[in-house]
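Observations on the three-dimensional arrangement
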Amino acid sequence: VAGFVLAGLIFALLNCVTNAYLPELEMDQKKMSEFTAAYSSSRFSSTALCLILVVGIVVDSGLDDIAAARVCQVIVVPTLMLCWGFVWKYLLADRPNLHEIPEGDSLLKTGIKFDAATALEIHKNFPDLKRFLLSLTLFTAATNSFVA
């Protein structure tokens, strides 16, 4: 059980890291939109391929629900770790800092302050973005409630 909890945590952290770095990759809005569209398309396509693979294995082997979940975790987590390891090591280029850390603050404290200010800005001025981000947050739980 602890392995599956850890695998789920790693999956969530990788998604957070991916989405956190998207705005840092490109400052030009048009290029960023193209990149985000390509990234989202490849992400959903790979999810569909993984689902087809897992369903094929489960149906062919006659596995129950618990075994199907284990097969899915065994496929997804190592694949994500390998892909992210490759991207982290070879594809993320060095860039100058976009923000300075105030003297006396830690990177963690500065990041939390920046995230809180961003969340407040979204809450006050961007209601559609707020609803979109909330739907992303609840997407997995909502999907699982229909599947279960």
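Counting of residues starts from 1 at the beginning of each chain's written sequence and follows it residue by residue. Only residues with pLDDT of 70 or above have their local features reported here, since the model is predicted, and side-chain atom pairs are shown and tallied only from 80 upward, although totals for entire chains, interfaces and linings are computed over all residues. Hydrogens are left out, water is left out, and the side-chain values use all remaining heavy atoms of the structure.

Moving on to the nonpolar core. Burial of nonpolar side chains together is a common tendency in soluble globular proteins. Cys50, Val54, Val58, Ala68, Val71 and Ile75 together form the largest nonpolar core, which totals six residues. For this analysis, residues touch if any pair of their heavy atoms sits within 4.5 Å. Excluding its chain neighbours within four sequence positions, the residues that come into contact with Val58 are Leu63 and Ala68. Definition of nonpolar core: a set of buried residues of the types Ala, Val, Leu, Ile, Met, Phe, Trp, Tyr and Cys, connected through side-chain atoms within 4.5 Å. Relative accessibility thresholds used throughout: buried, under 20% of the residue-type maximum; exposed, over 50%; partly exposed, between the two (1.4 Å probe, protein chains only).

Only DSSP runs of H or I reaching four residues or more are called helices, and only runs of E reaching two or more are called strands; each is numbered from the N terminus. Given a helix with a known number of residues, its expected span is that number minus one, times 1.5 Å. Relative to the 39 Å expected for 27 residues at 1.5 Å per residue, helix α3 (residues 65-91) spans 37 Å between its end C-alpha atoms, a close match to the ideal helical length. Buried within α3 we find Ala68, Val71, Ile75, Val77 and Trp84.

Here we come to the pattern of salt bridges. For salt bridges, the criterion is a side-chain nitrogen of Lys or Arg within 4 Å of an Asp or Glu carboxyl oxygen. All chains considered together, the criterion is met by four salt bridges. In this structure, the salt-bridge partner of Asp105 is Lys109, at a minimum N-O distance of 3.5 Å. A salt bridge links Arg131 to Asp128, with the nearest nitrogen and oxygen atoms 2.5 Å apart. With Arg131 and Asp128 both in helix α5 (residues 127-147) and three residues apart, the pair spans about one turn of that helix. Here the salt bridges do not stand alone but share partners, grouping Asp105, Lys109 and Lys113 into one network.

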